[in-house]
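# Reading the structure
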Amino acid sequence: MFFKENMELGDIRKDFHSTEPLLTSMPTCTTFDYVLVGYKVSDVTDQKALKQNAFIQQLEKKKITVTRIVYDDKMFFGLRASNDMLQDYQYLLKVSDSCNWCGDLRGRPPQTTRIRIIHFILHHTYISNGENLKELLTKDVFETMFCLHEKETRTKLKKKWARWSAVCKGQPITDIHKEVCQSSIIMCPRCDKRCTVWQLSETCTYAKVSHLFDNEGTVAFAMFMAIWGECLMNGDNYMFIMFNWLHLCLTATLFLELWKRTRSRHVSQWKVYDWSEDEEELIMEILNDPNCMPKKFRHSYLRSTVVLILVTLMLMLIILLAQALVVFRVVAAPLMSEGNWEFMRDHANTVAIMFGAVLHYLTIQIMTRVNRWVSLKLCDIEKTNSFAATERSFTVKMFTFQFFTLFSSLFYVAFFLGRINGRPGDYARIAGWRLEECHPSGCLTDLFIQMAIIMLLKQTLNNIFEFSVPWVKTRLSRSTAKRLQRKCGQCYRKAFRDGQRAEPCDICNLQDWVSNYHLDNTDFFSLFNEFLEMVVQFSFTTIFVAAFPLAPLLALINNIFEIRLDAIKMVRLERRIVPRKTNDIGVWTKVLEVIGVLAVIANGLVIGVSSDFIPRLVYRYRYGPCANGSSLTHCMQGYINDTLSTAVVSHVAVRNDFLPNQLITDKGFNVTQCSYRDYRSDEDYTLTAQFWLVLAVRFAFVILFEHVVVVCKFIAAWFVPDNPLQVKNDRLLDKMARLKHELEKIKRSKSTEV
């Protein structure tokens, strides 16, 4: 606690002021910090008018200066924190445990602090019947509320940040072998009814493309991205790969550690290194009600159990939606293969994957709103003791729901697609529909397509809607602001004729208030959505980056444009977001660290389980020409044939799975056998010893990969300290200066008494 027992706050402050005034001279504020907009009601006996006046009176009792200005059918209430309230705030900061060495202790607190104080009081003020501002807004007693942009700061940001010419400026803070393309192997039909046998050589183009991201260099690239980068290695040199493991594996960790160092520099400059949002909330509680009691920490096993059950049910629902997308692709692919459009018939599976990805994107957009509503309701059940605790709980739940919404379908494509569909004669089916197979060029191609569509749609469409909606709204309301601006110009010439700054008149204030009023509304979710978008993007660029190496490049291009779009939107098109003082991004740091660990696991599984890296490795050193001592042929000669098994059409079960017309080639020949990807005996279709060897090596690789990367992550985190030496030394000097300052104050006080 920041005050002792049996000692009144007034007594402490009296003793404090008896030695030295906290604010030697606080100038009178000539600007307003917050605006509350209500409807003009001519009948003073109307319930809305009575409630409106009652709420304003409660604010005035809490030492908030209120100025009323009528404009058309609106009543604007300009709100300003009084000097007494600001002095109380500064004093409580001084005696708090974590907030007692910040820039707000000297001189007049900045407008950001004043806005935070008024915002808190507005949401914690009740009229006599117990209604608060949220309920009054719902009942149309008030229309809206917003904090004001600072004119000078906004003008500077427009010139230096919120413009396309500043796109290059910083933020304003201080890699196939011939046997595929020349193969004459006949492959089994990929679907029921309309799909016929096909030649392996038909996948030549896809195989070349997929090998760009399914090659030996994928290991190094995935390790690189699991711990920064934007690099695609294409080669056959295993020694080169092993040599680069430690060099390329630690980027997500390095990114986070370097970000922490940058954060430390800024919070040290801003003197908020030890700042506590929970303590500031306590201070504002006292400012709002000096007789308030703190909300005690409470824990209910019943509420925790209910929340846990509801979260589990919500995650099961999200996973069921992902399975519904699987069923859609299972049903859509054969239906498209039976269509009249030749292109659709020939590429039914690929088109089904693409349609599934688009449907997945639409599901994401819908579920985002559902996830938000559920997360808020779960936070209400928990009954946390502070807004900061509620925000942390909401962030964890919302990100968890969003992560499952975004990645459930991708996890199926990455680790289950083509592995649970069975074999000729024993295909797995859903209500008679045969499960889909991987793309002929490999399973990673399906994952590549899925991620490319989702990421492109999500980034492009989101940016368009985020910018266009407030832009259109601002354009439609520009005429009103221009009219008032002309009036305001006349007023300024009269008010500042002598070159002295004076209290703005009602017309001056109204022009500023109306221009802010016509901007697009902002709330708590405005900034939260930006954080969530960046964290989800970070997930895309680290998890499954082995399958989609273009993700970092797309993210870079997107961020170059989005920084300017967000700057223009925040400075020119939207109302000011309620400022908050903090020394970190809160629980988002922990979320990013969890994503870094998940990236190691997911990329290890993609390379070890989904890609052909391990089968190629096993073939090269155990079954290939080089393993038998031959040096005249390429070590991977015969690899494709080795990964294929043969189904004999004369077998009863195989014949029952295909129609006669499906076993006729384009040249009119009837096939007696066809091939499919698997390690099975051609006689009894049992799994071969090579299958079990490959499986064992896959699991061994995943375990080794993850352990090596995790160890390297910890080493990198230890090697790059969170706090630079300069920050540590600056904090040491600040503490020393503060102690000396306090000692000098005591000495001066004693000498005065003598």
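Above this text you will find the structure in question.
### Some remarks on the environment of threonine 395
In this structure, threonine 395 sits in helix H16 (residues 387-415). C-alpha of threonine 395 to C-alpha of phenylalanine 528: the two residues are 133 residues apart in sequence and 8.4 Å apart in space. Once residues within four sequence positions are removed from consideration, threonine 395 is found in contact with Phe528, Val587 and Trp588. A distance of 2.8 Å separates a polar side-chain atom of threonine 395 from the backbone oxygen of glutamate 391.

### Some points on the pattern of salt bridges
Tallying each qualifying case throughout the model produces 14 salt bridges. Between lysine 397 and glutamate 382 there is a salt bridge whose closest N-O contact spans 3.0 Å. Highlighted residues: lysine 397 in helix H16 and glutamate 382 in helix H15 (residues 348-382), separated in sequence by 15 residues. One network of salt bridges, with partners in common, ties together Glu466, Glu530, Asp566 and Lys569.

### Observations regarding the packing of helix H4 (residues 111-122) against helix H12 (residues 277-288)
Put simply, H4 and H12 touch, their axes get as near as 10 Å, and they point 65° apart. The interaxial crossing formed by H4 with H12 has right-handed handedness. Taking contact as the criterion, the partners of Arg116, Ile117, Phe120 and Ile121 in H4 are, on H12, Glu280, Glu281, Met284, Glu285, Leu287 and Asn288. Looking at the contact of H4 with H12 residue by residue, the classes come out as 5 nonpolar, 1 polar and 4 charged.

### So, unusual backbone geometry
Positive phi, close to 65°, is recorded for lysine 63, a residue that is not glycine. Tracing the backbone shows lysine 63 in the loop between helix H2 (47-61) and strand S2 (64-71). A positive phi angle, close to 60°, is found at lysine 383, a residue other than glycine. Within the secondary structure layout, lysine 383 lies in the loop between H15 and H16.

### A look at the packing of helix H20 (residues 524-542) against helix H21 (residues 551-573)
Running from N to C, H20 and H21 point in directions that differ by 170°, and their axes come no closer than 10 Å. One way to sum up the angle between H20 and H21 is to call them roughly antiparallel. When H20 is examined against H21, the residues Glu530, Glu533, Met534, Gln537, Phe540 and Thr541 are found in contact with a partner set consisting of Ala551, Pro552, Ala555, Asn558, Asn559, Glu562, Asp566 and Lys569. Of the residues that constitute the contact of H20 with H21, the class distribution is 5 nonpolar, 4 polar and 5 charged.

### Focus on the nonpolar core
Among the nonpolar cores identified, the biggest contains 50 residues, and Leu447, Phe540 and Phe544 are the most heavily contacted of them. Elements that contribute at least two residues to this core include exactly helix H13 (301-337), H15, H16, helix H17 (443-476), H20, H21 and helix H22 (588-610). Looking at which element gives the most residues to this core, the answer is H16, with 11 residues. Residue contacts for leucine 447: discarding those within four places in its chain leaves Leu410, Val413, Ala414, Phe544 and Ala547.

### Details of the side chain of asparagine 558
Within the fold, asparagine 558 resides in helix H21. Within the local environment of asparagine 558, its side chain forms a polar contact with the side chain of asparagine 559, the two groups lying 3.2 Å apart. Not counting residues within four places of it along the chain, the set of residues in contact with asparagine 558 comprises Gln459, Asn463 and Gln537.

### Considering the packing of aromatic side chains
A full pass over the atoms with the stated rule returns 19 aromatic pairs. For the ring pair phenylalanine 77 and phenylalanine 142, a centre distance of 6.1 Å and an interplane angle of 80° mean the geometry is edge-to-face. One end of the pair, phenylalanine 77, is in strand S3 (residues 74-81); the other, phenylalanine 142, is in strand S4 (residues 142-147), and 65 residues separate them in sequence. Its relative accessible area of 2% is what places phenylalanine 77 among the buried residues. Consider the rings of phenylalanine 403 and phenylalanine 404, whose centres lie 6.4 Å apart with planes at 75°: the pair is edge-to-face. Assessed through its relative accessible area of 12%, phenylalanine 403 is described here as buried. Of the residues examined, phenylalanine 404 reaches a relative accessible area of 27% and is grouped as partly exposed. Through successive ring pairs, a cluster of aromatic residues spans Phe399, Phe403, Phe404, Phe407 and Phe540.

### Observations concerning the environment of valine 267
Looking at the secondary structure, you find valine 267 in helix H11 (residues 251-269). Of the residues examined, valine 267 reaches a relative accessible area of 3% and is grouped as buried. Separated by 317 residues in sequence, valine 267 and aspartate 584 place their C-alpha atoms 8.2 Å apart. For valine 267, the residues in contact, after removing those within four places along its chain, are Val272, Tyr273 and Asn583.

### So, the sheet that holds S2
Pairing is antiparallel in the open sheet, where 4 strands are placed in the order S2-S3-S1-S4. Only two strands of the sheet have a single neighbouring strand rather than two, namely S2 and S4. Across the sheet, the mean angle separating the axes of adjacent strands is 20° when strand polarity is ignored. Taken strand by strand, helix H19 (residues 506-517) contacts strand S1 (34-39), S2, S3 and S4, and its axis lies near 85° from that of S2.

### Points about the side chain of glutamate 533
Tracing the chain through its elements places glutamate 533 in helix H20. For glutamate 533, a relative accessible area of 10% puts it in the buried group. Not counting residues within four places of it along the chain, the set of residues in contact with glutamate 533 comprises Asn463, Glu466 and Glu562.

### Some thoughts on the pairing of S1
Judged by how many residues are buried, S1 sits mostly within the fold: 5 of 6 residues are covered. Sheet analysis places S1 next to S3, joined by 6 bridges and oriented antiparallel. Paired with tyrosine 39 across the strands is lysine 74, a residue of S3. Bridge count for S1 against S4 is 5 bridges, and the pairing is antiparallel.

### A closer look at a nonpolar patch on the surface
Taken together, the side chains of Trp164, Leu550, Leu553, Leu556, Ile557, Ile560 and Phe561 present a nonpolar region at the surface, about 620 Å² in accessible area. Relative to the helices and strands, isoleucine 557 is located in helix H21.

Cut-offs applied
Residues numbered from 1 in each chain as written. Predicted model: local features only at pLDDT ≥ 70, side-chain atom pairs only at ≥ 80, totals over all residues. Heavy atoms only, no water. Helix = DSSP H or I, 4+ residues; strand = E, 2+ residues; numbered from the N terminus. Contact = heavy atoms within 4.5 Å. Polar contact = N/O pair within 3.5 Å; in protein donor to acceptor, adjacent residues only side chain to side chain. Salt bridge = Lys/Arg side-chain N within 4 Å of Asp/Glu carboxyl O. Axes fitted to C-alpha atoms, helices over the stretch in contact; angles between N-to-C directions. Left-handed = near helix turned anticlockwise from the far one by under 90°. Nonpolar A, V, L, I, M, F, W, Y, C, P; charged D, E, K, R; others polar. Parallel < 35°, antiparallel > 145°, perpendicular 65-115°, else oblique. Core = buried A, V, L, I, M, F, W, Y, C linked by side-chain atoms within 4.5 Å. Buried < 20%, exposed > 50% of the residue type's maximum accessible area, 1.4 Å probe, protein only. Phe/Tyr/Trp six-rings, centres within 6.5 Å; stacked < 30°, edge-to-face > 60°. Pairing = 2+ DSSP bridges. Patch = residues over 30% accessible without salt bridge, like charges linked within 9 Å, V, L, I, M, F, W, Y side chains within 5 Å. Areas by Shrake-Rupley, 256 points an atom, 1.4 Å probe, with all protein chains shown as cover.

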